[in-house]
Amino acid sequence: MGRTRTRKAQRALKSTVVSTTPTVLPQPSIESLVEKTQILLAQCNYELAHKFVKRILERDPSHVEGREMLGLVELENGDIEAAKA
């Protein structure tokens, strides 16, 4: 079997500089999080919907629709006391 890469290609790979600075991705809007949560609720995926609701409420703790969806998720998960709060 022959070489898989030429020596020139190997040197080029070794000299490639890899950035170590993390890339910051833009945060999704609250509206898009609400929309995704509604889709997950319609699909009865309450575990993932709960994660999305938490993200909504982390960004805006007084978001009325987010609090309503949190209550629904907790109710569907059987946590009646948390749903009442």
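Residues numbered from 1 in each chain as written. Predicted model: local features only at pLDDT ≥ 70, side-chain atom pairs only at ≥ 80, totals over all residues. Heavy atoms only, no water.

Peer 1: Describe the packing of aromatic side chains, naming the residues involved and giving the relevant values.
Peer 2: Tallying each qualifying case throughout the model produces 0 aromatic pairs. In this structure, R55 packs its charged tip against the face of F52, placed 5.7 Å from the ring centre. (Phe/Tyr/Trp six-rings, centres within 6.5 Å; stacked < 30°, edge-to-face > 60°. Lys NZ or Arg CZ within 6 Å of the ring centre and 35° of its normal.)

Peer 1: Help me get a handle on the packing of helix α2 (residues 30-42) against helix α3 (residues 46-59), residues and values and all.
Peer 2: At a minimum axis distance of 9 Å, the contact between α2 and α3 shows a crossing angle of 160°. With respect to each other, α2 and α3 are oriented roughly antiparallel. Remark: the crossing between α2 and α3 carries left-handed chirality. Contact with α2, carried on its side by I30, L33, V34, K36, T37, L40 and L41, involves Y46, L48, A49, F52, V53, R55, I56 and R59 of α3 and no other residues of that element. Here the residues of the contact of α2 with α3 sort into 11 nonpolar, 1 polar and 3 charged. (Axes fitted to C-alpha atoms, helices over the stretch in contact; angles between N-to-C directions. Helix = DSSP H or I, 4+ residues; strand = E, 2+ residues; numbered from the N terminus. Parallel < 35°, antiparallel > 145°, perpendicular 65-115°, else oblique. Left-handed = near helix turned anticlockwise from the far one by under 90°. Contact = heavy atoms within 4.5 Å. Nonpolar A, V, L, I, M, F, W, Y, C, P; charged D, E, K, R; others polar.)

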